[in-house]
Amino acid sequence: MIKKVKVEDLKIGVYIHDFNCKGNDGLIYIDQNLFQNENVIDILKSWNIKEVYIDTERGLDVNSSKAPSKAGRATAENGQTRKVERPQVPLARELQSAKHVTQDAIQFMQRMNQQVMEGKLPDVHSSYALANRMYESINRNSDALLLLTRMRTKDEYTIYHSINVSSLVINMCNYCQVSESQTLDLAVGALFHDIGKAVVPQGILTKPARLTQEEYSEMQLHVEHSAKLLSQVKGLPLECYDIALHHHERYDGNGYPHGLKKNEISYAAQLTGVCDVYDAITSDRCYKLGMDAVVGLTEIYEGSGISFSKEITYDFIQSVGIYPVGTTVVLANGKSGVVVSSTEDMMRPIVQVIYDEKKKERIQPLKIDLSKTEDVIVSYGDPKKFGFTSKQLLKKFLYSQS
Ligand SMILES: [Fe+2]
Ligand SMILES: [Fe+2]
């Protein structure tokens, strides 16, 4: 039986026949769906949906006392579950696997963009298979994939951006102890978050100068293009539509397309939004050179309570770390270098020392694990002193690992 129910009465296991949601063009953006995840209530509220139609023959009724179906996901009170910690493998070893994952991810994104331009739809199964491999890599060693996705040129931005945002999302989900199944949903949402850019004119996407107001408005439409494209893909969870449509909403209401504020923006969209901004700041683009991770983190921090909630900002910075891989730092012993690996202690990463601050000269590279010595970081460093950019430094480090 089809019946109308209030969004707050929804429970895991009901089958949503109609989301009662139409876009400006009258099209229903979201598909029928088995309600599997309590976070969906937040998403529906953020879409200003108060009532939906459910099908009690295909799923549970809202007042049924039956146990949730096996499709229901085990979630704690806050919608998140604690994960089992996995042992970390050394960075050098994981880099070998992460390289294959990155290469396959690039091919996936290229294929997907091509399919969309040809009017075809992306394949959900292969997107989950890819997200799963990224998830496994980040669980084995969170530095490797994040490091590799930073090794790109400005021409590769569009392809790498979605892969990198997805990697950052998985990393942040791990920090926030989001369940594996929910992490994969968000990771796939992040892979697809800018899919609508495939139909934005290339001249606007790659313009090496500031966009005109008209061009910027056209660029903003990518969120609606993405949502419409994803609405035709069967089997995607609701988070994916929501991430595509709302990852440019901002906590203070100054985002687009709907100007949502504070908790009107779902957790999934806020989480992807912060990862999206960080990657955009730290990437080389056709119109600017990417900034260092530290500058990126500072900008994110400055947007706390403005662009993103304080909680999301804090969780993001914690997940990336105060000294992300690639950061240049000065040690108390007067030597400086680049962070090449994180350790259990966020304040004490492994640093490849390459410069003597007192003598003002390069020295024989030496790797120091600060978690095993008395030495400490006293400040951020300036990579220009070494005669390299931080990205060149990272590249040097990567080649020495492989
Ligand atoms: Fe976007
Ligand atoms: Fe993006």
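This text follows the structure it describes.
Residues numbered from 1 in each chain as written. Chains lettered and ligands numbered in written order. Predicted model: local features only at pLDDT ≥ 70, side-chain atom pairs only at ≥ 80, totals over all residues. Heavy atoms only, no water.

A.B. asks: Explain the overall build of the protein chain here, please?
C.D. replies: Helix and strand counts for the protein chain come out as 14 helices and nine strands. Across the 402 residues of the protein chain, 54% fall into the buried class. (Helix = DSSP H or I, 4+ residues; strand = E, 2+ residues; numbered from the N terminus. Buried < 20%, exposed > 50% of the residue type's maximum accessible area, 1.4 Å probe, protein only.)

A.B. asks: Would you take a moment to explain the coordination of the iron ion (ligand 2) for this structure?
C.D. replies: Around a metal, the idealised angle for a tetrahedral arrangement of four donor atoms is 109.5 degrees; for an octahedral arrangement of six donor atoms it is 90 or 180 degrees. The protein atoms that coordinate the iron ion (ligand 2) are H161 (NE2), H193 (NE2), D194 (OD) and D276 (OD), at distances spanning 2.1 to 2.3 Å. Here the iron ion (ligand 2) is ringed by four donor atoms whose angles at the metal span 75 to 173°, and the overall shape comes out irregular. Taken as a pair, the iron ion (ligand 2) and the iron ion (ligand 1) lie 3.5 Å from each other and share D194 as a ligand. In this pair, H161 is assigned in helix α5 (residues 157–175) and D276 in helix α11 (residues 267–282), connecting sequence segments 115 residues apart. Under the relative-accessibility criterion, D276 is labelled buried at 6%. (Donors = N, O, S within 2.8 Å, 3.2 Å for Na, K, Ca; no water. Tetrahedral: all angles 85-135°; square planar, octahedral: opposite > 155°, others 65-115°.)

A.B. asks: Honestly, the sheet that holds strand β7 (residues 350–356) in this entry has me stumped. Any pointers?
C.D. replies: The strands that make up a sheet are held in pairs by hydrogen bonds between backbone atoms, and each pair lies either parallel or antiparallel. As summarised here, the arrangement of the five strands in space is β8-β7-β6-β5-β9, forming an open sheet in which the pairing is antiparallel. Only two strands of the sheet have a single partner each, and these edge strands are β8 (361–369) and β9 (377–380). Across the sheet, the mean angle separating the axes of adjacent strands is 35° when strand polarity is ignored. Relative to β8, β7 is paired through six bridges, and the arrangement is antiparallel. Each residue of the ladder has a partner; that of V353, found in β8, is L366. (Pairing = 2+ DSSP bridges. Axes fitted to C-alpha atoms, helices over the stretch in contact; angles between N-to-C directions.)

A.B. asks: Would you take a moment to explain the coordination of the iron ion (ligand 1) for this structure?
C.D. replies: All of the protein donors around the iron ion (ligand 1) are D194 (OD), H222 (NE2), H247 (NE2) and H248 (NE2); their distances to the metal are 2.1 to 2.2 Å. Because the angles between the four donor atoms bound to the iron ion (ligand 1) fall within 84 to 177°, the donor set is best described as irregular. Linear spacing of the donor residues for the iron ion (ligand 1) on their chain is D-x27-H-x24-H-H.

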